[in-house]
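Here's the letter readout for the chains.
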Amino acid sequence: ELYTQFRKLGMDRAANPDNAEAPFEAMKKLAHDISPSDTLGVMKTFSIALNLVNAAEVHHRMRLVRNADLASSQQDIGPLPMVEDSIRGTMAILLEEDGASPEQIFDKLCSQSCEIVLTAHPTEVNRKTIIRKYRNISELLSLLERPNLHPFERAEGLSNLRGIIAAIWGSDEIR
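We now turn to the structure provided with this report. (Residues numbered from 1 in each chain as written. Predicted model: local features only at pLDDT ≥ 70, side-chain atom pairs only at ≥ 80, totals over all residues. Heavy atoms only, no water.)

**Let's talk about the side chain of S171**
On the secondary structure map, S171 appears in the segment after α7 (151-170). According to the relative accessible area criterion, S171 is buried, its value standing at 16%. Engagement of the side chain of S171 in a polar contact is seen with the backbone oxygen of I168, the distance being 3.0 Å. (Helix = DSSP H or I, 4+ residues; strand = E, 2+ residues; numbered from the N terminus. Buried < 20%, exposed > 50% of the residue type's maximum accessible area, 1.4 Å probe, protein only. Polar contact = N/O pair within 3.5 Å; in protein donor to acceptor, adjacent residues only side chain to side chain.)

Here it is, written out as structure tokens:
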């Protein structure tokens with residue numbers, strides 16, 4: 001119930017940026033009035049929901065990349081996806097559209113610097129078992145998308161998906 005209220009207020013706020021103050025004030029009041037136990041439940045629900053949405057978005061993105069690869073000509077086949085926001089797509093744009101030479105790209109890459117940034121986001125420290133469960137969800141989504149799936153296989157896949165989500169809900173995501 002609380003999750004639904006927060007979600008609705010958040011969606012109202014996002015849908016009406018010119019009138020975002022009223023939903024934000026309602027969210028603050030709701031957050032102020034709930035117990036620490038309810039707060040934990042709301043946070044856990046949002047965390048799991050966002051991770052599930054992320055898994056679905058990644059699966060959808062990979063489906064689009066796979067479909068684009070299948071529809072493209074043989075010259076575009078390679079280990080990396082041929083999309084604009086990938087390394088392979090960026091290289092193709094630099095070489096073909098921007099007129100850069102392989103040597104220029106190599107020189108630029110050699111002069112790049114990397115910095116390690118450490119952050120204190122405890123939600124990023126997921127247990128291996130939880131990460132494995134989300135990977136299993138992705139694999140099940142791929143299985144369930146197969147057009148020649150037998151009805152029993154579909155029912156079994158959906159049952160397994162429900163079981164994994166229930167297991168995630170019943171576990172402590174952060175160690």
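**With respect to the pattern of salt bridges**
Inspection of every chain in the model, using the stated rule, returns 4 salt bridges. Linking K29 and D33 is a salt bridge whose minimum nitrogen-to-oxygen distance equals 2.6 Å. In this pair, K29 and D33 both sit in helix α2 (residues 21-33), 4 residues apart, roughly one turn of the helix. Its salt-bridge partner being E145, residue R63 comes within 2.1 Å of it at the nearest N-O pair. Note that R63 is positioned in helix α3 (residues 36-71) and E145 in helix α6 (residues 128-145), a separation of 82 residues in sequence. E145 sits in the partly exposed class, given a relative accessible area of 31%. (Salt bridge = Lys/Arg side-chain N within 4 Å of Asp/Glu carboxyl O.)

**Focus: the side chain of H59**
Note that H59 resides in helix α3. Judged by relative accessible area, H59 falls into the buried class, the value being 10%. Setting aside residues up to four positions removed in sequence, H59 forms contacts with S138, L141, S142 and E145. (Contact = heavy atoms within 4.5 Å.)

**Observations regarding the layout of surface pockets**
Rolling a probe over the atoms, with the probe sized like a water molecule, indicates the empty space that remains. In this structure, the second largest pocket encloses a volume near 200 Å³. When contributions to the lining of the second largest pocket are tallied by element, the ones reaching two or more residues are α3 and α6. No other element matches α6, which puts 5 residues into the lining of the second largest pocket. Here the lining of the second largest pocket is composed, by residue class, of 5 nonpolar, 4 polar and 1 charged. (1 Å grid on protein atoms, 1.4 Å probe; cavity = no way out; pocket = protein on both sides within 12 Å on 5 of 7 lines; lining within 4 Å. Points joined across faces, edges and corners; volume = space filled by probe spheres on them. Nonpolar A, V, L, I, M, F, W, Y, C, P; charged D, E, K, R; others polar.)

**Thoughts on α6**
Along its 18 residues, α6 runs 26 Å from first to last C-alpha, staying within 8% of the 26 Å computed at 1.5 Å per residue. Of all the positions in α6, only I130, Y134, I137, L140 and L144 are classed as buried. Angular distribution of buried residues about the axis of α6 spans 115°; they occupy a single face of the element. Buried residues along α6 sit in contact with α3 and α7. (Expected span 1.5 Å × (residues − 1). Arc of directions from axis to C-beta.)

**Quick word on the packing of aromatic side chains**
Enumeration according to the criterion identifies 1 aromatic pair in this entry. One residue, K44, lies across the ring of W169, its end atom 5.0 Å from the ring centre. (Phe/Tyr/Trp six-rings, centres within 6.5 Å; stacked < 30°, edge-to-face > 60°. Lys NZ or Arg CZ within 6 Å of the ring centre and 35° of its normal.)

**Things to note about the nonpolar core**
Grouped together as the largest cluster of nonpolar side chains are 11 residues: I48, A55, I130, Y134, I137, L140, L144, L149, L161, I164 and I168. Where this core is concerned, the elements lending two or more residues are α3, α6 and α7. No other element matches α6, which puts 5 residues into this core. When sequence neighbours within four positions are dropped, the list of residues in contact with A55 reads I137, S138 and L141. Counting residues in each nonpolar core, the second largest holds 6 residues, with L2, L9, L30 and I34 among its members. (Core = buried A, V, L, I, M, F, W, Y, C linked by side-chain atoms within 4.5 Å.)

**Describing the packing of α3 against α7**
One can describe the packing of α3 onto α7 by two numbers: an axis separation of 10 Å at closest approach and a directional angle of 145°. As for the relative orientation of α3 and α7, their crossing is right-handed in sense. Where α3 abuts α7, its residues G41, K44, T45, I48 and L52 lie against I165, I168, W169 and G170. Residues that form the contact of α3 with α7 fall into these classes: 5 nonpolar, 3 polar and 1 charged. (Axes fitted to C-alpha atoms, helices over the stretch in contact; angles between N-to-C directions. Left-handed = near helix turned anticlockwise from the far one by under 90°.)

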